[in-house]
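Listed here are the chains, written in short residue letters.
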Amino acid sequence: MKLSQFKFHLPESLIAHHPAETRDESRLMVLHKKTGQIEHKLFKDVLGYFEEKDVMILNNTKVFPARLYGNKEKTGATIEVFLLRELNKELRLWDVLVDPARKIRVGNKLYFGDDDLLVAEVVDNTTSRGRTIRFLFDGTDEEFRQNIEILGETPLPKYIKRKPTAEDKERYQTIFAKNEGAVAAPTAGLHFSRELLKRLELKGVEFAEVTLHVGLGTFRQVEVEDLTKHKMDSEQIIITQKDADIVNRGIAEKRKVCAVGTTVMRSIESAVSASHTLKPINDWTSKFIFPPYDFSIANCMITNFHTPESTLLMMISAFGGYENVMNAYEVAVKEKYRFYSYGDAMLII
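Residues numbered from 1 in each chain as written. Predicted model: local features only at pLDDT ≥ 70, side-chain atom pairs only at ≥ 80, totals over all residues. Heavy atoms only, no water.

Draft legend 1. Just the overall build of the protein, in detail. When helices and strands are counted, the protein shows seven helices and 17 strands. Over its C-alpha atoms the protein spans a radius of gyration of 21 Å, differing by no more than 12% from the 20 Å that the globule rule assigns to 349 residues. Overall, the C-alpha framework of the protein stretches about 65 × 45 × 40 Å when taken along its three principal axes. By the burial criterion, 55% of the 349 residues in the protein qualify as buried. Long-range contacts, defined here as pairs at least 24 residues apart, represent 71% of the contacts in the protein between residues at least 6 apart. (Helix = DSSP H or I, 4+ residues; strand = E, 2+ residues; numbered from the N terminus. Rg over C-alpha atoms; globule rule 2.2 N^0.38 Å. Buried < 20%, exposed > 50% of the residue type's maximum accessible area, 1.4 Å probe, protein only. Contact = heavy atoms within 4.5 Å.)

Structure below.
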């Protein structure tokens, strides 16, 4: 398929800049794969679509405050450093993006916080905006992490045109987040409240967890018309044997197996065994899913509404059927559903 087939008109006013007042009361569009039928619900109504022993797969990655503001030595110029991932814990080496990049060269020292709580040195250029930096810090790893927490800002996506608030620290994080390492939230999971999870549990729904540390590649634009030429950024995935067993039991018993989000779908499709079951994995994936594609593990999915020409829209078009999904998006725009990270949700069933 071609990039241009994933264009649609998205009014700027439909991009959500704030979360819904209550997690589970964002809107939910239900798309039935076989018929293309659409229902309009609230997210908490998802409860009515699942039965005892159905399986939901959640991404338990945790977003860390990845955006730091500091000053360059000598000039004192303000710089933004976006932490992408830790390369070496002992040496405190990090892969980062810097802005403005032209002013930041190898050998420069960067100072963060009023009393220079953290100092870093630029040790390598990786891309036009990418750098490797080393934090010059003598304390324990725990103290270092605390300083990142103090100095760092919730890494809201750039299209949310406002400064992060204390509310974002809580709301741009799923309630089941536990393994730190993501620079963007697995947004389909943001709609689950503690009460809704409890009600699903009481109904007998089983939960499996995977970890995919979401990177900035999730926002990267596709710049080639021929989708086979697009390369995805690598992201780390971890699936344990225990969680694979829960999913495989659901498959064997022909239950609903629901991927909560595109990050979960990408993880499980990167860990398919020869017998089309889920296998444990601790690896990196650069899998790119677009139509046509045969899915092996999940038979339903929960996802947010994505922007035109995004890899996320391509994946859900592969899962829900291209015509079905593009029609559903037309309806979503007409019905003023809210789009992207803080937006509304879709259940494809």
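Draft legend 2. Layout of helix H5 (residues 262–269). H5 sits mainly inside the fold: eight of its eight residues count as buried. Every buried residue of H5 is accounted for by Thr262, Thr263, Val264, Met265, Arg266, Ser267, Ile268 and Glu269.

Draft legend 3. Molecular detail of the sheet that holds strand E3 (residues 55–59). In space, the nine strands of this open sheet follow the order E2-E1-E17-E16-E14-E3-E12-E13-E15, with mixed pairing throughout. Strands with a single pairing partner mark the edges of an open sheet, and in this sheet they are strand E2 (38–42) and strand E15 (281–285). Ignoring which end each strand starts from, the neighbouring axes of this sheet average 25° apart. Where E3 meets strand E14 (residues 257–260), three bridges bridge the pair, whose relative direction is parallel. Pairing of Val55 across the sheet is with Val257, part of E14. Lying on the sheet, helix H4 (residues 241–252) is in contact with E3, strand E12 (206–212), strand E13 (235–239) and E14; it crosses E12 at an angle near 130°. (Pairing = 2+ DSSP bridges. Axes fitted to C-alpha atoms, helices over the stretch in contact; angles between N-to-C directions.)

Draft legend 4. Fine view of empty space enclosed by the protein. All told, the structure shown has three cavities of 30 Å³ or more when counted by the stated rule. Its boundaries defined by the atoms lining it, the largest cavity holds a volume of some 170 Å³. In terms of lining residues, the largest cavity is bounded by 17 residues, among which Ala185, Thr187, Thr218, Thr262 and Leu312 are the most central. Its residues assigned to classes, the lining of the largest cavity shows eight nonpolar, nine polar and no charged. Of the voids in this model, the second largest cavity is the one considered here, and its volume is about 140 Å³. Lining the second largest cavity are 15 residues; nearest its centre among them are Met232, Glu235, Arg266, Thr311 and Leu312. For the lining of the second largest cavity, the secondary-structure elements that each account for two or more residues are H5 and helix H6 (311–320). Residue composition of the lining of the second largest cavity, grouped by class: six nonpolar, five polar and four charged. (1 Å grid on protein atoms, 1.4 Å probe; cavity = no way out; pocket = protein on both sides within 12 Å on 5 of 7 lines; lining within 4 Å. Points joined across faces, edges and corners; volume = space filled by probe spheres on them. Nonpolar A, V, L, I, M, F, W, Y, C, P; charged D, E, K, R; others polar.)

Draft legend 5. Summary view of the side chain of Thr154. Residue position: Thr154 is located in the loop between helix H1 (141–151) and helix H2 (166–171). With near-sequence residues (within four places) excluded, Thr154 lies in contact with Pro65, Arg67, Pro164, Asp168, Lys169 and Tyr172.

Draft legend 6. Region of interest: the layout of surface pockets. Here the largest pocket is characterised by a volume of approximately 1,400 Å³. The wall of the largest pocket is formed by 48 residues, among which Leu84, Gly215, Leu216, Gly217 and Asp233 lie closest to the centre. Among the elements that take part in the lining of the largest pocket, strand E6 (residues 78–88) stands out by supplying six residues, more than any other. Within the lining of the largest pocket, the residues separate by chemical class into 20 nonpolar, 14 polar and 14 charged.

Draft legend 7. Main features of the sheet that holds strand E10 (residues 130–135). Taken in spatial order, the six strands close into a barrel running E5-E6-E7-E10-E9-E8, and their pairing is antiparallel. Across the sheet, the mean angle separating the axes of adjacent strands is 45° when strand polarity is ignored. Of the pairings in the sheet, the one linking E6 to strand E7 (residues 93–99) comprises seven bridges and is antiparallel in character. Of the residues in E7, the one forming a bridge with Arg85 is Asp95. Sitting on the sheet, H1 touches strand E5 (67–72), E6, E7, strand E8 (109–112), strand E9 (118–125) and E10, and the angle it makes with E9 is about 95°.

Draft legend 8. Region of the structure containing the environment of Leu347. Mapped onto the elements of the fold, Leu347 is located in strand E17 (residues 345–348). Between the C-alpha atom of Leu347 and that of Gly320, which follows or precedes it by 27 residues, the distance is 9.8 Å. Apart from residues lying up to four places away in sequence, Leu347 is in contact with Leu28, Met29, Val30, Leu31, Val46, Tyr49, Phe50, Met301 and Ile302.

Draft legend 9. Representation of the pattern of salt bridges in the model. The full count for this structure, using the stated rule, is 21 salt bridges. Among the salt bridges present, the one from Glu149 reaches Lys169, with a minimum N-O distance of 3.0 Å. With Glu149 in helix H1 and Lys169 in helix H2, this residue pair connects regions lying 20 residues apart in the sequence. Judged by its relative accessible area of 35%, Glu149 is partly exposed. Taking relative accessible area as the criterion, Lys169 reaches 47% and is therefore assigned partly exposed. The salt bridge involving Lys178 is made with Glu209; its shortest N-O contact spans 2.9 Å. With Lys178 in the loop between H2 and strand E11 (179–182) and Glu209 in strand E12, this residue pair connects regions lying 31 residues apart in the sequence. Where salt bridges share partners, they join Glu86, Lys89, Arg92, Asp141, Arg145 and Glu180 into one cluster. (Salt bridge = Lys/Arg side-chain N within 4 Å of Asp/Glu carboxyl O.)

It is worth stressing that arrangement in space is one thing and function is another; only the former is reported here.
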